[in-house]
Amino acid sequence: MVDKRSLRSSKRTDDNNKNNDSSSSNNKPSSKPTRSSSRRTASGASKKTPVTENTEKTTEADKQPEPPVEDTQMVGVQEPKKDLSGDVEMGDDTIDKKEDGTTEEKKEDPAVTTYNEIKQNFTLLERAVALFDSRYTLRVLRSIASHRRKVTAEIISKVVQDYYPAGHEAADYLLQQIGQTQSTMDVDESSQDVLPEVDVYLHLLVQIFLLDQKQYEQGAEFSSQLVEKVHSLNRRTLDALASKVYFYYARFFELLPAPAITNIRAQLLASLRTATLRKDVDLQATLITLLLRNYIATSDITQADHLVNKTKFPESAANNLIARYNYYLGKIKAIQLDYSGAHEQLVSAIRKAPQTPAAAGFLQAANKLNIIVELLMGDIPDRATFREPRLSKALHAYFLLVKAVRVGELEAFHTLLEQHADTFKRDGTYTLVLRLRQNVIKTGIRMMSLTYSRISLRDICIRLGLESEESAEYIVAKAIRDGVIEATLDHEKGYMQSKEILDIYATQEPMEAFHSRISFCMSLHNDSVKAMRFPMNQHRLELKNAQEARERERELAKEIQEGEMDDDDGGDFDAL
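Residues numbered from 1 in each chain as written. Predicted model: local features only at pLDDT ≥ 70, side-chain atom pairs only at ≥ 80, totals over all residues. Heavy atoms only, no water.

Looking at an unreviewed UniProt entry, the protein carries the name Similar to 26S proteasome non-ATPase regulatory subunit 3 acc. no. O43242, with the source organism given as Pyronema omphalodes. Taken verbatim from the UniProt record of the protein, the Sequence similarities (unreviewed entry) comment is "Belongs to the proteasome subunit S3 family." (UniProt positions renumbered as here; feature names shortened; annotations may be inferred.)

Set out below in structure tokens:
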């Protein structure tokens, strides 16, 4: 027993000595681990390395610096950016370190930002061509409004020189138009193929730049050559860009002296014929609206009416083009005395117009014309129209006009017409306002018929400020015939006898108002259904699935007919 206890105690002492040796060896100062050593220790943490005599040598080797190892799993590594001059910028320019260690964001140069956004539009146009999807082209066109305020000749020059290969004719021509010259800097020789969509987009930027610089004659010549170039190309991916090119082409000639606006009609009509044959919906809708605008500007209402009757406006056109077409059509109908049709077209134009600050001018023009059309129809516009912030200032003269017509005071109407004649002429509604004189007289007669059961023609002549009793008798007789008032006229005694007021709900007026509201709601529903956007080529997928289902049914019927299927394979047919 004594021997066994002594052996156990000696074994415990030996184990304690080994543990003390290992702890003392671990407490030695070690060198700072590098990235490679930390990886080795992390990967082999579960393995124990035996302590040998070469441990001191390895620690001395670990102290020597090792070359850095690239970490392919690092997150947030950014590629170096290129400056406009072609130099490479290392690091992030948007972050600046202060002395106290905090960071401060730097503001990017607007020129660099605009340059990068224009270059990104090239990628969108290439994607639109590759995928045959016009949505990418529409994104590029929507960005023109923001680039228009920031683009300069230097930015356009830099973009043109970076995209076109060296010695390209289009590059020299565009630089000449904006007053820039070819620089001696390195040009990207990799982009040898010039995409027509990108080429037209760069020409469009130069066209808008010339318009903003008010170089109308140079811009008109440049636009004429650009239109011929676009007309020669037959690519459906160019439709949206071509419509913008034609719009600014017509705008340049509108700003030139009077004879120039009629010189582009032949080109617009030829382009409309070509667009109709090619089934170019966007360009066709744009050209129809441009021709109507051209005819109305020169008061050629008959030719505009012939164009509307001979052409068919595409129903799948953009909403802004439909609103513009409805506005021009409403103006033509108003001049042709078709006030109900004009009112319908103008209301449709107001509702389909974009409700954004950019479309405030169009909404003001449409509401001005619609107010006069409603007054000519004998209706009074809603007061809420004049309270809108975007319309209140522009419609102030028309608000005073509505008040004069509503009361039926002929003197107040003439005074207002003299004060705001310049405003009505500038808006192009002066001739329509002159027609309101008869409506003012009719309104005054209606107010007197409701107020008096019998009134003499002399009193009517004095109250309305007419020249003689004969003219008053003629106006009253016409109002009775038109159904404005319910009265009788006694020619011998010279007075007007009003009839008793009947129940308005017993007449056809409520039914007509209800019918008009139902028609408007139905047309709004139909337009909403037409404006819905569906996935492209979805019908092909449905046809493919239907064809596969029919093939499976044929195979199943063939197997049943040949007797290859057993009774157990009947599936759902067991219930039969």
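Read on for the rest.
Draft legend 1. Representation of the packing of aromatic side chains in the model. Evaluation of the coordinates by the stated rule reveals twelve aromatic pairs. With a centroid separation of 5.2 Å and an interplanar angle of 55 degrees, the aromatic rings of Phe-122 and Tyr-163 are classed as tilted. Here Phe-122, found in helix 4 (residues 110–131), pairs with Tyr-163, found in helix 7 (residues 153–163); they are 41 residues apart in sequence, far enough to count as distant. Given the relative accessible area of 4%, Phe-122 is considered buried. Residue Tyr-163 is classed as buried on the basis of its relative accessible area of 7%. When the centroid spacing of 5.2 Å and the interplanar angle of 70 degrees are considered together, the rings of Tyr-249 and Phe-253 count as edge-to-face. One end of the pair, Tyr-249, and the other, Phe-253, are both in helix 11 (residues 239–255), four residues apart, so they sit about a helical turn from each other. Accessibility expressed as a relative area gives 5% for Tyr-249, which makes it buried. In this structure an aromatic cluster arises from ring pairing among Phe-122, Tyr-163, Tyr-164 and Tyr-201. The lysine or arginine in question, Lys-425, covers the ring of Tyr-430, its NZ or CZ lying 5.1 Å from the ring centre. (Phe/Tyr/Trp six-rings, centres within 6.5 Å; stacked < 30°, edge-to-face > 60°. Helix = DSSP H or I, 4+ residues; strand = E, 2+ residues; numbered from the N terminus. Buried < 20%, exposed > 50% of the residue type's maximum accessible area, 1.4 Å probe, protein only. Lys NZ or Arg CZ within 6 Å of the ring centre and 35° of its normal.)

Draft legend 2. Highlighting the packing of helix 11 against helix 13 (residues 281–297). Relative orientation of the contacting elements helix 11 and helix 13 amounts to 15 degrees, with a least axis distance of 8 Å. Comparing their axes, helix 13 and helix 11 come out roughly parallel. Handedness of the helix 11/helix 13 crossing: right-handed. When helix 11 is examined against helix 13, the residues Asp-239, Ala-240, Ala-242, Ser-243, Tyr-246, Phe-247, Ala-250, Arg-251 and Glu-254 are found in contact with a partner set consisting of Asp-282, Leu-283, Thr-286, Leu-287, Leu-290 and Arg-293. (Axes fitted to C-alpha atoms, helices over the stretch in contact; angles between N-to-C directions. Parallel < 35°, antiparallel > 145°, perpendicular 65-115°, else oblique. Left-handed = near helix turned anticlockwise from the far one by under 90°. Contact = heavy atoms within 4.5 Å.)

Draft legend 3. Focus on the pairing of strand 6 (residues 487–490). Two strands pair when backbone bridges link them, and strand 6 and strand 7 (residues 495–498) are joined in this way by four bridges, in the antiparallel orientation. Bridge assignment links Thr-488 to a residue of strand 7, and that residue is Gln-497. Linking strand 6 back to strand 7 in an antiparallel pair, the connection comprises four residues, with Gly-494 at a positive phi of about 75 degrees. (Pairing = 2+ DSSP bridges.)

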